[in-house]
Amino acid sequence: MGRMYSVSFTAVAVTAQQDFFEITPADDKPCVIHALYLAQSSDAGDAADEQLAIRVVRGHSTSGSGGSAPTPRPMNPSDTAAGFASEVNNTTIASSGTGVDLHADAFNVRAGYQMIWTPEMRPQVSQGAGVTLCVRLVTTPADSLTMSGTLLVEEQG
């Protein structure tokens, strides 16, 4: 097993479709996604209930924009810094190249979203393919949501 890292964002106003997470692997260091968590803390009542569609997409060769670039945090404090680049909340989504949907789903905003992939089903991306892996919100929220999220990434190599 490679080194494990956490990429997260906290209390971000989400008003539009976006790439919640974008992972661009380093040379000869493929990345494997182990788990994804999404939550919101602003809409609690029945009247604010809505379903949001998400996708895990691999294949874009150019990064999106409009977000931020958090430092991936090692799960083991003795591990080195991650080689892969991460971005969160890109409101201009990655689009160059041919994107391939690896996972499509939807979640209720009041319940949040938790996905822990089994080993053989984990989405993967490598620099050799010259692409990124994105977790994309494909539904525009009905109103502004205060959202947080975490992506657990294994870097191999």
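Residues numbered from 1 in each chain as written. Predicted model: local features only at pLDDT ≥ 70, side-chain atom pairs only at ≥ 80, totals over all residues. Heavy atoms only, no water.

Caption draft 1: Spotlight on the sheet that holds strand E4 (residues 51-60). Strand order in the open sheet made by the five strands is E6-E2-E10-E4-E7, with antiparallel pairing throughout. Of all strands in the sheet, those with a lone pairing partner are strand E6 (85-90) and strand E7 (100-108), marking the two edges. Averaged over all neighbouring strand pairs, the angle between strand axes comes to 15°, with direction disregarded. Inspection of the sheet shows E4 paired to E7 by eight bridges, in the antiparallel sense. Residue pairing for E7: Val56 is matched across the bridge by His103. (Pairing = 2+ DSSP bridges. Helix = DSSP H or I, 4+ residues; strand = E, 2+ residues; numbered from the N terminus. Axes fitted to C-alpha atoms, helices over the stretch in contact; angles between N-to-C directions.)

Caption draft 2: A look at the pattern of salt bridges. With the rule as written, the count across this model stands at four salt bridges. Glu155 serves as the salt-bridge partner of Arg3, at 3.1 Å between the closest nitrogen and oxygen. In this pair, Arg3 is assigned in strand E1 (residues 3-14) and Glu155 in strand E11 (residues 145-155), connecting sequence segments 152 residues apart. (Salt bridge = Lys/Arg side-chain N within 4 Å of Asp/Glu carboxyl O.)

Caption draft 3: Looking closely at the packing of aromatic side chains. All told, the structure shown has four aromatic pairs when counted by the stated rule. Ring geometry for Tyr5 against Phe84: centres 5.7 Å apart, planes inclined by 80°, an arrangement best described as edge-to-face. Residue Tyr5 is found in strand E1, and its partner Phe84 is found in the loop between strand E5 (73-74) and E6; the two are separated by 79 residues along the sequence. Exposure remark for Phe84: the relative accessible area of 4% places this residue in the buried category. Ring geometry for Phe107 and Tyr113: centres 5.8 Å apart, planes at 50°, overall tilted. Side by side, Phe107 and Tyr113 carry an identical accessibility label, which is buried. Of the aromatic side chains, those joined through ring pairs into one cluster are Phe9, Phe20 and Phe21. (Phe/Tyr/Trp six-rings, centres within 6.5 Å; stacked < 30°, edge-to-face > 60°. Buried < 20%, exposed > 50% of the residue type's maximum accessible area, 1.4 Å probe, protein only.)

Caption draft 4: Structural detail: the side chain of Gln40. Mapped onto the elements, Gln40 comes out in strand E3 (residues 31-40). Looking at Gln40, the relative accessible area reads 13%, which means it is buried. Separated by 2.8 Å, the side chain of Gln40 and the backbone nitrogen of Ser42 make a polar contact. There is a polar contact of 3.1 Å between the side chain of Gln40 and the backbone oxygen of Val109. When sequence neighbours within four positions are dropped, the list of residues in contact with Gln40 reads Val109, Arg110, Leu145, Thr146 and Met147. (Polar contact = N/O pair within 3.5 Å; in protein donor to acceptor, adjacent residues only side chain to side chain. Contact = heavy atoms within 4.5 Å.)

Caption draft 5: The environment of Ala82, seen in detail. Within the secondary structure, Ala82 is located in the loop between E5 and E6. Remark: the alpha-carbon pair of Ala82 and Asp27, spanning 55 residues in sequence, is separated by 12 Å. Setting aside residues up to four positions removed in sequence, Ala82 forms contacts with Tyr5, Pro72 and Glu155.

Caption draft 6: Highlighting the pairing of strand E2 (residues 18-24). Across the seven residues of E2, six count as buried, placing the element largely inside the fold. Sheet topology note: the E2/E6 ladder contains five bridges and is antiparallel. Bridged to Asp19 within E6 is Asn90.

Caption draft 7: Up close: the nonpolar core. Ranked by size, the top nonpolar core spans 31 residues in total, and within it Phe20, Phe21, Leu36 and Leu38 carry the most contacts. Listed by contribution, the elements that provide at least two residues to this core are E1, E2, E3, E4, strand E8 (113-116), strand E10 (132-137) and E11. Contact partners of Leu36, with chain neighbours within four places excluded, come to Phe21, Ile54, Tyr113, Gln114, Met115, Trp117, Val135, Thr150 and Leu151. (Core = buried A, V, L, I, M, F, W, Y, C linked by side-chain atoms within 4.5 Å.)

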